[in-house]
Amino acid sequence: NAGVTQTPKFQVLKTGQSMTLQCAQDMNHNSMYWYRQDPGMGLRLIYYSASEGTTDKGEVPNGYNVSRLNKREFSLRLESAAPSQTSVYFCASSGRQGVNYGYTFGSGTRLTVV
Amino acid sequence: SQQGEEDPQALSIQEGENATMNCSYKTSINNLQWYRQNSGRGLVHLILIRSNEREKHSGRLRVTLDTSKKSSSLLITASRAADTASYFCATDARGGSEKLVFGKGTKLTVNP
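Definitions and limits used
Residues numbered from 1 in each chain as written. Chains lettered and ligands numbered in written order. Predicted model: local features only at pLDDT ≥ 70, side-chain atom pairs only at ≥ 80, totals over all residues. Heavy atoms only, no water. Core = buried A, V, L, I, M, F, W, Y, C linked by side-chain atoms within 4.5 Å. Buried < 20%, exposed > 50% of the residue type's maximum accessible area, 1.4 Å probe, protein only. Helix = DSSP H or I, 4+ residues; strand = E, 2+ residues; numbered from the N terminus. Contact = heavy atoms within 4.5 Å. Phe/Tyr/Trp six-rings, centres within 6.5 Å; stacked < 30°, edge-to-face > 60°.

Caption draft 1: Highlighting the nonpolar core. All names here are of chain B. In terms of nonpolar packing, the biggest core is built from 21 residues, with Leu-32, Trp-34, Leu-74, Ile-76, Tyr-87 and Leu-108 touching the most fellow members. Only β3 (19–25), β4 (31–37), β5 (43–50), β7 (61–66), β8 (71–76), β9 (85–91) and β11 (106–111) provide two or more residues apiece to this core. Per-element accounting of this core gives the leading share, 4 residues, to β3. If sequence neighbours within four positions are ignored, Leu-108 has contacts with Leu-11, Ile-13, Ala-19, Met-21, Ile-76, Asp-83, Thr-84, Ala-85 and Tyr-87.

Caption draft 2: Geometry of the packing of aromatic side chains. Counted by the stated rule, this structure contains 11 aromatic pairs over all chains. Measuring from ring centre to ring centre gives 6.5 Å for A:Tyr33 and A:Tyr35, while their planes differ by 35 degrees; the resulting arrangement is tilted. Its relative accessible area of 0% is what places A:Tyr33 among the buried residues. The interplanar angle of 80 degrees and the centroid separation of 6.4 Å between the aromatic rings of A:Phe90 and A:Phe105 together place this pair among those described as edge-to-face. Residue A:Phe90 is located in strand β9 (residues 87–94), and its partner A:Phe105 is located in strand β10 (residues 104–105); the two are separated by 15 residues in the primary sequence. An aromatic cluster is defined as three or more aromatic residues linked by ring pairs; in this entry it consists of A:Tyr33, A:Tyr35, A:Tyr48, A:Phe90, A:Tyr103, A:Phe105, B:Tyr35 and B:Phe102.

Honestly, it's all geometry; don't read function into it.
Right, here's the structure in full:
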């Protein structure tokens, strides 16, 4: 019953530091997504992976990189963190035809960049 | 940019009352989805309505879709304090898009 697991749950970084947010799903879903949520902005798509081996940019990809390590795992990397990247990050996954089915979300990573 | 926009931004009602939230979107869609987010948690999928459907029910939830007006509504009947959460609509874009675009959400408070 794990669904989508994100680690870590909380992180504080100094400006310029790097880190990787991890996401894993155990539902055999093809598609995986990274969103960020900021107050008053709703959710904005950073990157997504429609299937293993493919990744595509979303609405706000600058400052981020992703890796679809295998079907289960999709990581998000911040190479040089900036205060503007302070946000709550959500990973999600969906079945074969992603947009025709509901997404399953992780519980989020709350990131603060100081 | 957001495809869907929810209205109102915030709604406060008493337990037992009905809550109605609206979503408007800009381009043709294949389907529209509604999600709930409790404070500090991830989003939970509530219901999906396809572009060829006009109304759908799930328990105390009723969703309508009017593609001519590019709008949808979510009705929660006989609300409970546990329904307090933010509600988001999400749309794909007709043409095979593999991703959902979320609105900014309606914050619902149900007072006991």
